[in-house]
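# Structural overview for review
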Amino acid sequence: MPYNTDNMDLLVQSNDDVDATVRTVTNNADTIFTWDYEKGARAGLNKLYEKAKGSQWNGETDLDWSIEVDQEELLRRRGLPDRDNLLDFGIDVTGTSFEKWSEKEWLQLELETSAWTLSQFLHGEQGALVCTAKIVETVPWIDAKYYAATQVMDEARHVEVFSKYLDTKVEGFYPVNVHLQALLDDIINDHRWDMTYLGMQVMVEGLALAAFGNMMQQTEDPLLKKLLRYVMSDEARHVAFGVLSLQEFYAGLTEKELFERQEFAYDAAVRMRDRFRRQEVWERVGIDVREGISVFSAADPNEDPFQQLLFAKIVPNCKKLGLLDANDGWLRRRFEEMRVIQFENFMDTGEEYELLDAVSV
Ligand SMILES: [Fe+2]
Ligand SMILES: [Fe+2]
């Protein structure tokens, strides 16, 4: 069954502004000063801040950049796709442009996909850098401003190491995916300070934590493995920061206000699940974007186990924030439809960061 192409026009969009070196987005939020300097008034945030101060690794000296990385060899060892093994995943290329592809083309597709994925990680990291700087300005609590300042430093390192890895170990680089940029724009545009946390710390970073974990398990490159391990040890704290901060704030919101947050979380979830379809890769390997998307996307994205797994962190965190069950379980029902509700009792990231300590890298 072909992929439902109802919203194909939306899916095939790609960034038409690839030559610009800067992008300007309007930030509509107020900048808040606080005169309440009492450190530790929020014990959970204070603990996280103290932990972050002792967990600052250095990408230049803690990673061994002299390691030679042969991307082709790594991909070959992992196993390239071909007509036959794709059938195991329910992808039949008979009668499509892929039917006559040789190993050379499949290898090129895998190389481009790696470069695209790492490039989107890089752009997402810059999104986190910018969003967390926004939190420093907009959150009213001193403990949260302190913690967010450490996260800004973490994100600078993440941008730095992904950029260096792409620059020195990977052939190829991709501009930001248009849908990722739109999601980041929405988060920056919003005037409510908690929406930055919900969009970035809970949704984007929750998904990133799952995606990085997946890549870390798959790759046999010792440099990338260690790089991801370091980044993940920070990301787990970042997601915990979102959960700890919003838990307190959401406890005081009305059902109507909570519904706005539920809708925001659901929209971000659907957008992240459906729209990052490596459309830019299809352009680069000479495949019509519509064909690439329809051949490689599951007929029902809810049935795609990899897509589901990306929600392993998001769902328990939404539960902990009370977003699953507010308004008669509105978001619970949406996550049931997306077939990701099974993650609701997984460990939430409010605690998990203690297990992912950089010291144990
Ligand atoms: Fe990050
Ligand atoms: Fe982060």
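Computed from a predicted model, the values in this text were never measured in an experiment.

Below, the discussion takes up the overall build of the protein. A tally of regular secondary structure across the protein gives 17 helices and zero strands. For 361 residues, the compact-globule estimate of 2.2 N^0.38 gives 21 Å, and the C-alpha radius of gyration of the protein, at 21 Å, lies within 12% of that figure. Considered along the principal axes of its C-alpha atoms, the protein spans approximately 65 × 50 × 40 Å.

What follows covers the packing of helix H9 (residues 193–218) against helix H11 (residues 255–275). At a minimum axis separation of 10 Å, H9 and H11 run at an interaxial angle of 35°. Handedness of the crossing formed by H9 with H11: right-handed. Touching Met195, Leu198, Gly199, Met203 and Leu207 of H9 are Arg261, Phe264, Ala265, Ala268, Ala269 and Met272, all from H11.

Tracing the backbone shows asparagine 327 in helix H16 (residues 326–337). For the pair formed by asparagine 327 and methionine 200, sequence separation is 127 residues and the distance between their alpha carbons is 23 Å. Beyond its immediate sequence surroundings of up to four residues, asparagine 327 is in contact with Glu255, Leu258, Phe259 and Gln262.

Attention shifts here to the confidence of the model for the protein. When the pLDDT values of the protein are averaged, the result is 90; 93% of them are 70 or greater. Looking at the elements of the protein, mean pLDDT is at its lowest for helix H17 (residues 349–352), recorded as 62, and at its highest for helix H7 (residues 142–169), recorded as 98.

Within the largest apolar cluster, 72 residues are counted, with the highest numbers of intra-cluster contacts made by Met203 and Ala265. Not counting the four nearest positions on each side in its chain, methionine 203 is found in contact with Leu198, Ala265, Ala268, Ala269 and Ile314.

Looking now at unusual backbone geometry. One non-glycine residue, aspartate 328, lies in positive phi territory at about 55°. When you line up the elements, aspartate 328 lands in helix H16. Within the chain, arginine 339 stands out as a residue other than glycine whose phi angle is a positive 55°. By the secondary structure assignment, arginine 339 is in the loop between H16 and H17.

Running from N to C, H11 and H16 cross one another at 5°; their axes reach a closest spacing of 10 Å. Relative to H16, H11 is oriented roughly parallel. Residues Glu255, Leu258, Phe259, Gln262, Ala265 and Tyr266 of H11 touch H16, and the partners they reach there are Ala326, Asn327, Trp330, Leu331 and Arg334. Grouping the constituent residues of the contact of H11 with H16 by class yields seven nonpolar, two polar and two charged.

With respect to the secondary-structure elements, serine 233 resides in helix H10 (residues 222–250). For serine 233, a count of 20 C-beta atoms within 10 Å puts it in the buried group.

A separate point is the environment of lysine 53. Along the chain, the position of lysine 53 falls in helix H2 (residues 43–53). The exposure class assigned to lysine 53 is exposed, which follows from the 12 C-beta atoms found within 10 Å. A C-alpha to C-alpha distance of 35 Å links lysine 53 and glutamate 263, two positions 210 residues apart in sequence.

How each quantity is defined
Here, residues in each chain are numbered from 1, in the same order as that chain's written sequence. The lettering of chains begins at A and the numbering of ligands begins at 1, in the order of writing. In keeping with the predicted nature of the model, local features appear solely for residues at pLDDT of at least 70, side-chain atom pairs appear and are counted solely at 80 or more, and the whole-chain, interface and lining totals rest on all residues. Strands here mean DSSP runs of E at least two residues long; helices mean DSSP runs of H or I at least four residues long; both are numbered from the N terminus. Atoms counted for the radius of gyration: C-alpha only. Globule rule: 2.2 Å times the number of residues to the power 0.38. Between N-to-C directions, angles span 0 to 180 degrees; the directions come from axes that are lines fitted to C-alpha atoms, helices contributing only their stretch in contact. Rotating anticlockwise by less than a right angle from the far helix to the near helix defines a left-handed crossing, while the corresponding clockwise rotation defines a right-handed one. Residues are scored as being in contact if the C-beta atoms we place from backbone atoms lie within 7 Å. For every residue, the pLDDT score states the predictor's confidence, bounded by 0 at the bottom and 100 at the top. The nonpolar core criterion groups buried Ala, Val, Leu, Ile, Met, Phe, Trp, Tyr and Cys residues into a set whenever they are joined through C-beta atoms within 7 Å. Any residue whose C-beta has 12 or fewer other C-beta atoms within 10 Å is treated as exposed, any with 20 or more as buried, and any in between as partly exposed, C-beta atoms being built from the backbone. Roughly parallel refers to an angle under 35 degrees, roughly antiparallel to one over 145, roughly perpendicular to one between 65 and 115, and oblique to any angle outside these ranges. Three classes are used: nonpolar for Ala, Val, Leu, Ile, Met, Phe, Trp, Tyr, Cys and Pro, charged for Asp, Glu, Lys and Arg, and polar for all others, with Gly counted as polar.

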